[in-house]
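Residues per chain are reported as follows:
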2 protein chains.
Amino acid sequence: MKLHGYFRSSASYRVRIALNLKGLTSEHLPHHLRKGEQCAPAYLAINPQGLVPTLESDAGAILTQSLAIIEWLDETNPNPPLLPKDPLRRAKVRAFAQAIACDTHPVQNLKVLARLRQLGLPEEQVTEWAAWANREGLAACETLIAEEAGPFCFGDQPTLADLCLVPQLANARRFGVDLSAYPRLLKAEAAAKQVKAFADAAPDKQPDAE
Amino acid sequence: MKLHGYFRSSASYRVRIALNLKGLTSEHLPHHLRKGEQCAPAYLAINPQGLVPTLESDAGAILTQSLAIIEWLDETNPNPPLLPKDPLRRAKVRAFAQAIACDTHPVQNLKVLARLRQLGLPEEQVTEWAAWANREGLAACETLIAEEAGPFCFGDQPTLADLCLVPQLANARRFGVDLSAYPRLLKAEAAAKQVKAFADAAPDKQPDAE
């Protein structure tokens, strides 16, 4: 398999963790987002949104959108599972993941921040926008798992929720968000950091890290 | 079941279509988003993001995030299926749905537009922001299904992709987007509009419609 990504892309980071947890190897093809490499025609031909990640399967299938890729990996390589078996628990894990992947990350991604700059917003306000999006999302996530014993987001094994949380916390730190208000999220992150699949997927461990 | 929603919320609209397709009845509890009713403490207690929809199951379970709700409905009420059986096709449908639910809708939702107004952007620029988010997302979606025969997004039956597309096109029209550039999306919408489950879920058919 080939994973088109970028070391700092939190959506790519989610998929890297999933691949590592499943014990799957893939060739990593970096696209430098800040240099606009994701908008090259050859890349747009496989990912018309100009976003990373994209996964190319061994059979040549093209998969886009990190959550769809991860569910595909989970359906085709069931062990270890990234979603619980119980439908209601699955819905809780997916809702947590989507609170990050739908309502937090896309509001603070590179494309949106670039648009804010185009509208003339000073850099300070652009960073505050990104921090705001992270605070809103993380505060909701903290509540969503407040009564979950853990140590991971949902139970004693990592799920799709942790795959979304850990990269988002990295983003939040980059934008200067004070994470002390989210002790339950930090507990889940601490559990994840003990797992090699998470550690190996970290941005600073990637070949294209700066 | 009880569905907390808002007639004009496209995420609520997605779930209304799913309920109708599954032949499930639910009590609709409207929360007037423009009056901020989704931020009332009683509602935040069940949906800490202050977003609609929220589904309360007959057993009293609380489900949030439209895509997670729809996958739960599909897992617990399998007919008619809203996702194909083949893992790769499922991934394609989910990726299309997420191109809308992650990268398009949240960038133009009420919360983001309100934030832009707070930053002092004139109404014209706020509307253009929303139109831009729709154009970006819909252009990608058009490409994602360009080679799909249809008439629905993926095949001859509605899937999760159509449940996301139809409400997003309604949003795009509200923001004045010229949809003539997306003939394949309009073909899927035309097919969906022939289905009573879609027609009955339309915003103007809801009791709280203005």
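Since the model is a prediction, treat every value here as computed from it, not as a measurement.

## Quick word on the overall build of chain A
- The number of helices and strands found in chain A is nine helices and four strands.
- When the helices and strands of chain A are listed from N to C terminus, the series reads β-α-β-α-β-β-α-α-α-α-α-α-α.
- Taken along the three principal axes of its C-alpha coordinates, chain A extends 45 × 45 × 30 Å.
- For chain A, with 210 residues in total, the buried portion stands at 58%.
- A fraction of 67% describes how many contacts in chain A between residues 6 or more apart in sequence connect residues 24 or more apart.
- Carbon and sulfur atoms make up 54% of the accessible area of chain A, which totals about 8500 Å².
- In chain A, 23 positive and 24 negative side-chain charges are present, and the distance between their average locations comes to 1 Å.

## Concerning unusual backbone geometry
Residue and element names in this part refer to chain A.
- In the segment running from V52 into P53, the intervening peptide bond is cis, with an omega of 5°.
- Tracing the backbone shows P53 in the loop between α2 (41-44) and β3 (54-56).
- Located in the positive-phi region is Q65, a residue other than glycine, with phi close to 70°.
- Positionally, Q65 belongs in the loop between β4 (62-64) and α3 (66-76).

## Brief notes about the domain arrangement of chain A
Residue and element names in this part refer to chain A.
- Splitting chain A by domain gives domain 1 (2-80) and domain 2 (87-197).
- Its C-alpha centre places domain 1 at a distance of 19 Å from the equivalent point of domain 2.
- If you look at the interface, domain 1 gives 15 residues, while domain 2 gives 19 residues.
- Summing both sides of the interface, domain 1 and domain 2 together bury roughly 1600 Å²; the carbon and sulfur share of this comes to 66%.
- If you look at where domain 1 meets domain 2, you find one salt bridge.
- Residue E71 is joined to R94 by a salt bridge in which the shortest nitrogen-to-oxygen separation is 2.7 Å.
- Where domain 1 packs against domain 2, one counts five residue pairs in polar contact (both at pLDDT 80 or more).
- Secondary structure elements with two or more residues in the side of domain 1 that touches domain 2: α1 (10-22) and α3.

Calculation notes
- Here the residue numbers are simple positions, counted from 1 along each chain's written sequence.
- All chains are assigned letters beginning with A, and all ligands numbers beginning with 1, in the order in which they are written.
- Whole-chain, interface and lining totals are the exception, using all residues; otherwise, since this is a predicted model, local features are given only for residues with pLDDT of at least 70 and side-chain atom pairs are given and counted only at 80 or more.
- In computing side-chain values, all of the structure's heavy atoms are included and hydrogens and water are not.
- Helix and strand assignments come from DSSP, with helices taken as H or I runs of at least 4 residues and strands as E runs of at least 2, each series counted from the N terminus.
- Type-normalised accessible area, obtained with a 1.4 Å probe on protein chains alone, sets the label of each residue: buried when under 20%, exposed when over 50%, and partly exposed for intermediate values.
- Two residues qualify as a contact provided that any one of their heavy atoms is within 4.5 Å of a heavy atom in the partner residue.
- Residue burial considers only the protein chains on display, and all accessible areas are found by Shrake-Rupley using a 1.4 Å probe.
- Charge convention: Lys and Arg are scored as positive, Asp and Glu as negative, and His as well as the terminal groups of each chain are ignored.
- By convention, charge coordinates are those of NZ in Lys, CZ in Arg, CG in Asp, or CD in Glu.
- What counts as a domain boundary in this text is fixed by an automatic or database domain assignment.
- As used here, buried area is the combined drop in accessible area, with a 1.4 Å probe, of two parts when they are placed together.
- The salt bridge definition used is simple: a Lys or Arg side-chain nitrogen within 4 Å of an Asp or Glu carboxyl oxygen.
- We define a polar contact as two N or O atoms separated by no more than 3.5 Å, with the added condition that, inside protein, one atom must be a possible hydrogen donor and the other a possible acceptor, whereas residues neighbouring each other in sequence contribute only through side-chain atom pairs.

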